[in-house]
Amino acid sequence: MADIVRRKAALLVNYRPEEYTGNSTGKEECAMTMTAIYLCLTVIFASTVQAVSGFGFNIVGAPLLMLFIAPKQVISLTIFGALILNLMVIHKTRGQGDFYLILPMFAASIVGVLPGVYFLNIVDGSVLKMVVGTIVILMSIVLAANFSVQIRRQRLASIIAGGIGGFMGGATSMSGPVVAMFLMNQKQDKVAFRANLVRFFCLNNIVILGTMYVMGVMDVDVLPLISYIVPGVLIGTWLGEKAFHRVSPAVFRQVVIMVLISCGLMSVGPEVVKHFL
């Protein structure tokens, strides 16, 4: 099934109207239309989640997009989509973020990526994902119980959180949960929480795209699909903005915890399935 839908996506990427004029059976155009609709709806859903919570675009969107698109292309596509979304939310949250807090955290995350990648090469990746996913789930449950650790030296703690997040990002591609849990522990209100997260991830997106370009690993074949995800990002961001201003702080906290638990489950679930099947 996955191979079939990926072939449909390939048709969408390589589609040239002049090649089908007068010769199309209609089935290929129908497949491409259905694929485009699915991509747009998936991006709307993922964008809404991140516009509300400040993170989650990749965690929500990537598994669904991989049904239609090869994983390598999904990485490029989701980073482009997340960058567009983050820039839009940053524009809407001008003056609400704290770059004094975010910049040291981001710098530490970049430093933490290298040992994370090295650690991945010496440890079984499947075991590592299960361990990290389990920790994220357990920590999310602790946060749901309103337990928090009092931190006096916030700047130092933010640097440590950024370093751990970068390490986990390099080892498991999951840097977001650590940063989100740190900000939640600091009892930031929903406005500051979201504003700080989108700024952190926007910087992260820019560095990743730049690195992919320099290393020549950016999949340019995915560029035609950007025209299909932009409308989804715009609609999802608009819906997320509407929802964000309507939800109470208590509901917002529950939404963030649900996204964190989803991150953990997406890390643990596939590895458990592979182990027992």
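That block above? That's the structure.
As the structure is a prediction and not an experimental result, all values here were calculated from the model. (Residues numbered from 1 in each chain as written. Predicted model: local features only at pLDDT ≥ 70, side-chain atom pairs only at ≥ 80, totals over all residues. Heavy atoms only, no water.)

Participant: Can you walk me through a nonpolar patch on the surface in this structure?
Facilitator: Taken together, the side chains of V127, V131, I135 and M139 present a nonpolar region at the surface, about 330 Å² in accessible area. With respect to the helices and strands, I135 occurs in helix α7 (residues 125-144). (Patch = residues over 30% accessible without salt bridge, like charges linked within 9 Å, V, L, I, M, F, W, Y side chains within 5 Å. Areas by Shrake-Rupley, 256 points an atom, 1.4 Å probe, with all protein chains shown as cover. Salt bridge = Lys/Arg side-chain N within 4 Å of Asp/Glu carboxyl O. Helix = DSSP H or I, 4+ residues; strand = E, 2+ residues; numbered from the N terminus.)

Participant: For this particular structure, what's the right way to read the layout of surface pockets?
Facilitator: Over the atoms, a rolled probe matching the size of one water molecule traces out where space is still vacant. Quantified by volume, the second largest pocket comes out at close to 460 Å³. For the lining of the second largest pocket, the secondary structure elements donating two or more residues are α7, α8 (154-172) and α9 (176-185). When the residues that make up the lining of the second largest pocket are grouped by side-chain class, the tally is 17 nonpolar, 2 polar and no charged. (1 Å grid on protein atoms, 1.4 Å probe; cavity = no way out; pocket = protein on both sides within 12 Å on 5 of 7 lines; lining within 4 Å. Points joined across faces, edges and corners; volume = space filled by probe spheres on them. Nonpolar A, V, L, I, M, F, W, Y, C, P; charged D, E, K, R; others polar.)

Participant: Honestly, the nonpolar core in this entry has me stumped. Any pointers?
Facilitator: Nonpolar side chains tend toward joint burial in soluble globular proteins. Counting residues in each nonpolar core, the largest one holds 58 residues, and the members touching the most others are F55, L77, L183, F193, L197 and L260. Top element by residues in this core is helix α5 (residues 71-92). It accounts for 9 residues. Not counting chain neighbours up to four residues away, the residues in contact with L260 comprise F55, V136, S140, L143, P177, A180, M181 and M184. (Core = buried A, V, L, I, M, F, W, Y, C linked by side-chain atoms within 4.5 Å. Buried < 20%, exposed > 50% of the residue type's maximum accessible area, 1.4 Å probe, protein only. Contact = heavy atoms within 4.5 Å.)

Participant: Honestly, the packing of aromatic side chains in this entry has me stumped. Any pointers?
Facilitator: Remark: the centre distance and the inter-plane angle together describe each pair of aromatic rings, the angle taken between the planes. Tallied over the full model, the rule gives 4 aromatic pairs. For the pair F200 and F201, a centre-to-centre distance of 5.3 Å together with 80° between the ring planes defines the contact as edge-to-face. Summarising the burial analysis for this pair, F200 and F201 share the class buried. With 5.7 Å between their ring centres and 85° between their planes, F244 and F252 make a pair best called edge-to-face. Comparing F244 with F252 shows no difference in burial state: the two are buried. A cation over an aromatic ring shows up here: K190 above the ring of F244, its NZ or CZ 4.7 Å from the ring centre. When the ring centre of F244 is taken as reference, the NZ or CZ atom of R194 above it lies at 3.7 Å. (Phe/Tyr/Trp six-rings, centres within 6.5 Å; stacked < 30°, edge-to-face > 60°. Lys NZ or Arg CZ within 6 Å of the ring centre and 35° of its normal.)

Participant: Quick question: what am I supposed to make of the side chain of R253 here?
Facilitator: Within the fold, R253 resides in helix α12 (residues 249-276). Although R253 is buried, it forms no salt bridge, and the closest oppositely charged side chain is D189 at an N-O distance of 12 Å. Contact partners of R253, with chain neighbours within four places excluded, come to L143, N146, M184 and K187. (Lys, Arg positive; Asp, Glu negative; His and termini not counted.)

Participant: So what exactly am I meant to see when it comes to the pattern of salt bridges here?
Facilitator: In a structure, side chains of opposite charge can pair up when their charged atoms sit close to one another. According to the stated counting rule, one finds 1 salt bridge in the structure shown. Between E241 and R194 there is a salt bridge, with its nearest N and O atoms 2.7 Å apart. Linking E241 in helix α11 (residues 223-246) with R194 in helix α10 (residues 190-215), this pair joins segments that are 47 residues apart in sequence. Residue class for E241 comes out buried when judged on its relative accessible area of 9%. A relative accessible area of 2% places R194 in the buried class.

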